[in-house]
Amino acid sequence: MNIVVLVKQVPDTWSERKLTDADHTLDRESADAVLDEINERAVEEALLLQEAHGGEVTVVAMGPDRATDAIRKALSMGADKAVHVTDEALHGSDVLTTAKVLAKAIGTVEGYDLVIAGNEATDGRAGAIPAILAELLGLPQVTQVRKLTVEGGVVKAERETDEGLAFIEAELPAVVSVTEKINEPRYPSFKGIMAAKKKPVSTLSVADLGLDAGEVGLGAAWSQVLEAAPKPPRSAGQRVEDSGDGGAKIAEYLVGQKLI
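Below, the structure is looked at part by part. (Residues numbered from 1 in each chain as written. Predicted model: local features only at pLDDT ≥ 70, side-chain atom pairs only at ≥ 80, totals over all residues. Heavy atoms only, no water.)

Another aspect to go through is the overall build of the protein chain. When helices and strands are tallied, the protein chain shows six helices and eleven strands. For the protein chain, the C-alpha atoms occupy an extent of roughly 75 × 45 × 40 Å along the three principal directions. Looking at the protein chain as a whole, 40% of its 260 residues qualify as buried. Put simply, 71% of the contacts in the protein chain that link residues at least 6 apart link residues at least 24 apart. Accessible area for the protein chain stands at about 14900 Å²; split by element, carbon and sulfur atoms hold 50% of it. With 27 positive and 42 negative side-chain charges, the protein chain shows a separation of 4 Å between the mean positions of the two kinds. (Helix = DSSP H or I, 4+ residues; strand = E, 2+ residues; numbered from the N terminus. Buried < 20%, exposed > 50% of the residue type's maximum accessible area, 1.4 Å probe, protein only. Contact = heavy atoms within 4.5 Å. Areas by Shrake-Rupley, 256 points an atom, 1.4 Å probe, with all protein chains shown as cover. Lys, Arg positive; Asp, Glu negative; His and termini not counted. Charge placed at Lys NZ, Arg CZ, Asp CG, Glu CD.)

Pasting the structure below:
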């Protein structure tokens, strides 16, 4: 079974994240960059399926040169090879353009049976890439999965909903997105870290994928941030001294704030 896993390098959620002053896109240089946690779980699920069925795991990523660090993390976990799409023209690409580029990149991987992605990245949080990707590739989609198995050319998934559990099946090839409940990702071993340095990483540009620079990036985005301002500092709260009438004072305050 040959599996493609989508990974993304994102600003560390523990770092301060902000937009650039120039074009209000994500300032990726202002915070530490890490492999998105949900992508680690997607890689882990691909490796578990590989251990059960054999085959190869290929990591596909789109991002600047520094995204190589996230790719190497996935390779050190056990993935076999990677495709890295990097091009200055991609700066500011929206969800639709990103899915279009990723679809082209996946098309360079021969004979894949399954595409696994996280349900959403922690920077954009659009949660739409897997579904758009499935449409572009013409494949069935199985999204928001918390348990996954493959039997006889069919992917079987368990999805948690507000109403309960849903059980979904689709014929391979298919696109699957997983949630944080899918597994606990393994830690890369020292042997895995050293081996990752020698694993092949194909670097592709927009032109290599048969796309024009005008089709991607901020200029081709369907939506843009026109103005942004930092969140104002939190103001001090109002202290209520209770002299037997604390409840009334709190109620009066809530009325003044139009909360009750």
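Its 17 residues give helix α1 (residues 37-53) an end-to-end C-alpha distance of 25 Å, which sits within 8% of 24 Å, the value for a rise of 1.5 Å per residue. Taking burial as the measure, the 17 residues of α1 include twelve buried ones, the bulk of the element. Listed as buried for α1 are Ile-38, Asn-39, Glu-40, Arg-41, Ala-42, Val-43, Glu-44, Glu-45, Ala-46, Leu-47, Leu-49 and Gln-50. Positive backbone phi, approximately 80°, marks Gly-54, located one or two places after α1. (Expected span 1.5 Å × (residues − 1).)

So, on to unusual backbone geometry. One can expect most non-glycine residues to show negative phi and most peptide bonds to be in trans. For the bond from Leu-172 to Pro-173, the omega torsion is 0°, close enough to zero to count as cis. Within the secondary structure, Pro-173 is located in the loop between β9 (164-171) and β10 (174-178). Positive phi values are uncommon outside glycine, yet His-24 reaches one of about 60°. For His-24, the position within the fold is in the loop between β2 (9-11) and β3 (33-35). The backbone phi angle of Gln-144 is positive, close to 55°, even though this residue is not glycine. Judged by its relative accessible area of 33%, Gln-144 is partly exposed.

Judged by pairing direction, the sheet is mixed, and its nine strands sit side by side in the order β9-β8-β7-β10-β6-β1-β4-β5-β11 without closing on themselves. Because the sheet does not close on itself, it has two edges, and the strands there are β9 and β11 (201-204). Each strand of the sheet is rotated relative to its neighbour by a mean of 30°, with strand direction disregarded. Strands in contact with helix α4 (residues 129-137) are β1 (3-7), β6 (114-118), β7 (141-151) and β10; relative to β10, the strand with the most contacts, it is inclined by about 180°. (Pairing = 2+ DSSP bridges. Axes fitted to C-alpha atoms, helices over the stretch in contact; angles between N-to-C directions.)

A cluster of nonpolar side chains, namely Phe-190, Ile-193 and Met-194, defines an oily patch on the protein surface of about 320 Å² accessible area. Note that Phe-190 resides in helix α5 (residues 190-196). (Patch = residues over 30% accessible without salt bridge, like charges linked within 9 Å, V, L, I, M, F, W, Y side chains within 5 Å. Salt bridge = Lys/Arg side-chain N within 4 Å of Asp/Glu carboxyl O.)

Grouped together as the largest cluster of nonpolar side chains are 34 residues, with contacts concentrated most on Ile-116 and Leu-148. Elements represented by at least two residues in this core include exactly β1, α1, β4 (57-62), α2 (68-77), β6, β7, β8 (154-161) and β10. Listed in part, the 27 residues of the second largest apolar core include Ala-99, Leu-133, Leu-204 and Leu-211. (Core = buried A, V, L, I, M, F, W, Y, C linked by side-chain atoms within 4.5 Å.)

Attention shifts here to the pattern of salt bridges. For the structure shown, the criterion picks out 14 salt bridges. Residue Glu-151 is joined to Lys-156 by a salt bridge in which the shortest nitrogen-to-oxygen separation is 3.1 Å. With a closest N to O distance of 2.8 Å, Glu-160 and Lys-181 form a salt bridge. Remark: Lys-181 occurs in the loop between β10 and α5 and Glu-160 occurs in strand β8; sequence separation between them is 21 residues.

Once that is clear, we can look at the environment of Lys-156. By the element assignment, Lys-156 lies in strand β8. The contact partners of Lys-156, leaving out residues within four places of it in the chain, are Lys-147, Leu-148, Thr-149, Glu-151, Ile-168 and Glu-169. Side-chain polar atoms of Lys-156 contact the side chain of Glu-151, separated by 3.1 Å. (Polar contact = N/O pair within 3.5 Å; in protein donor to acceptor, adjacent residues only side chain to side chain.)

Take it as geometry only, folks, not as evidence of what the structure does.
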